[in-house]
Amino acid sequence: MKSFWRKLVEKFSPAGGERVDWEALLLEADLGLKLTGRLIRLLEEEGLARKPREGEERIRRELRRVLSAEAPPSVPAGERPEVILLVGVNGGGKTTTAAKLAHRYGQEGKRVVLAAADTFRAAAVEQLEAWARRTGALFVAGSPGADPASVAYRAHAEAEEKKAHLLIVDTAGRLATKNNLMLEAGKIRRTLAKRDPAAPHHVWLVVDATVGTNALSQAAEFHRAVGLSGLVVTKLDSSAKGGMIAAVKEELGIPTVFVGTGERPEDLAPFDPDRYVEAFFGG
Ligand SMILES: Nc1nc2c(ncn2[C@@H]2O[C@H](COP(=O)(O)OP(=O)(O)OP(=O)(O)O)[C@@H](O)[C@H]2O)c(=O)[nH]1
Ligand SMILES: [Mg+2]
């Protein structure tokens with residue numbers, strides 16, 4: 001199967017591959033304005049702009065550098081539970097990702113608490129509870145309409161009491177206004193910090209890869225409001241290109257920590273820059 005990159009190369013080098021419209025190609029690959037601009041300047045400075053093969057090789061090397069490997073997140077067996085707060089707009093895959101993380105760390109032998117801090121949508125609580133049962137995690141929820149921050153607070157107390165290694169907090173994605181969404185995430189973050197100044201240890205934005213460079217503006221907004229430490233990019237199994245992973249790292253310095261590749265609990269993998277670059281360019 002031809003990779004999307006190959007298809008783009010064909011599309012943007014109409015004259016038999018001698019010249020490539022790099023700018024159009026890189027933008028369509030979801031690399032964003034800033035990274036695209038820098039890559040073009042690189043190619044020009046190094047005299048590779050009109051050399052399709054060498055140009056591509058240079059881009060590949062630069063992407064690999066931008067995505068430099070970071071150690072995959074691990075859950076230390078500390079005194080207090082490690083806390084992961086998941087935020088993002090509706091439908092991005094937060095609840096599914098919470099379940100996948102519970103499954104992953106549960107399999108490693110960690111005691112996991114799943115907290116449903118989405119008290120906005122009644123079905124959301126049931127959805128997460130079902131996942132908790134499936135993955136063997138403990139489950140904490142609030143009543144419909146309860147303050148999500150209070151659910152997070154209680155969940156942390158329970159996680160400590162049960163000597164859990166990990167607390168995963170799922171949040172709502174749809175609120176009356178986007179501003180409320182940010183305010184709520186900020187409040188949950190501050191409330192967790194009252195229980196443990198080191199918490200939340202991770203604040204991850206869950207984004208759907210198929211939104212393309214929209215992920216950049218989502219990440220910028222959430223980063224401003226809550227401070228993000230990582231990205232979880234979901235639905236990479238759909239026809240998504242995933243270029244925004246490099247764009248977000250370049251523009252905001254936020255690394256992708258996990259990628260979702262399906263709807264089952266096991267469809268989550270730590271982000272691997274080498275595999276990503278390989279898949280991005282394809283054969
Ligand atoms: N194909 C695929 N589907 C996914 C993936 N992750 C989540 N989904 C699906 O995307 C849909 C939305 O996922 P949820 O986990 O409910 O998203 P959410 O962010 O919790 O949504 P809200 O609670 O409404 O904000 C569901 O149908 C999931 O099964 C993935 O990696 N691949
Ligand atoms: Mg949800």
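Parameters at a glance
Residues numbered from 1 in each chain as written. Chains lettered and ligands numbered in written order. Predicted model: local features only at pLDDT ≥ 70, side-chain atom pairs only at ≥ 80, totals over all residues. Heavy atoms only, no water. Axes fitted to C-alpha atoms, helices over the stretch in contact; angles between N-to-C directions. Helix = DSSP H or I, 4+ residues; strand = E, 2+ residues; numbered from the N terminus. Parallel < 35°, antiparallel > 145°, perpendicular 65-115°, else oblique. Left-handed = near helix turned anticlockwise from the far one by under 90°. Contact = heavy atoms within 4.5 Å. Nonpolar A, V, L, I, M, F, W, Y, C, P; charged D, E, K, R; others polar. Domains from an automatic or database assignment. Buried area = accessible area lost by both parts, 1.4 Å probe. Salt bridge = Lys/Arg side-chain N within 4 Å of Asp/Glu carboxyl O. Polar contact = N/O pair within 3.5 Å; in protein donor to acceptor, adjacent residues only side chain to side chain.

## Notes on the packing of helix H4 (residues 52-66) against helix H11 (residues 273-281)
Where H4 meets H11, the axes come as close as 10 Å, and the angle between the chain directions of the two elements is 150 degrees. Between H4 and H11, the angle falls in the class roughly antiparallel. At the point where H4 passes H11, the crossing takes the right-handed sense. For the pair formed by H4 and H11, the contact residues are Glu56, Ile59, Arg60, Leu63 and Arg64 on the first element and Pro273, Asp274, Val277, Glu278, Phe280 and Phe281 on the second. Classifying every residue of the contact of H4 with H11 by side-chain character gives six nonpolar, no polar and five charged.

## Some points on the domain arrangement of the protein chain
Each domain of the protein chain was delimited in the assignment, giving domain 1 (4-66) and domain 2 (82-271). Between the C-alpha centres of domain 1 and domain 2 the distance comes to 34 Å. At the junction of the two partners, domain 1 supplies 12 residues and domain 2 supplies 11 residues. Together, the buried faces of domain 1 and domain 2 total about 990 Å²; carbon and sulfur atoms form 56% of this surface. In terms of surface lost to domain 2, no three residues of domain 1 exceed Asp30, Lys34 and Val66, which account for 54% of the buried area on that side. Applying the counting criterion to the domain 1 and domain 2 interface returns one salt bridge. Note that Arg38 and Glu250 form a salt bridge whose closest N and O atoms lie 2.7 Å from each other. Where domain 1 packs against domain 2, one counts four residue pairs in polar contact (both at pLDDT 80 or more). Put simply, the parts of the chain that give the side of domain 1 that touches domain 2 at least two residues each are helix H3 (32-45) and H4. Of the residues forming the side of domain 1 that touches domain 2, the biggest block, five residues, is contributed by H3.

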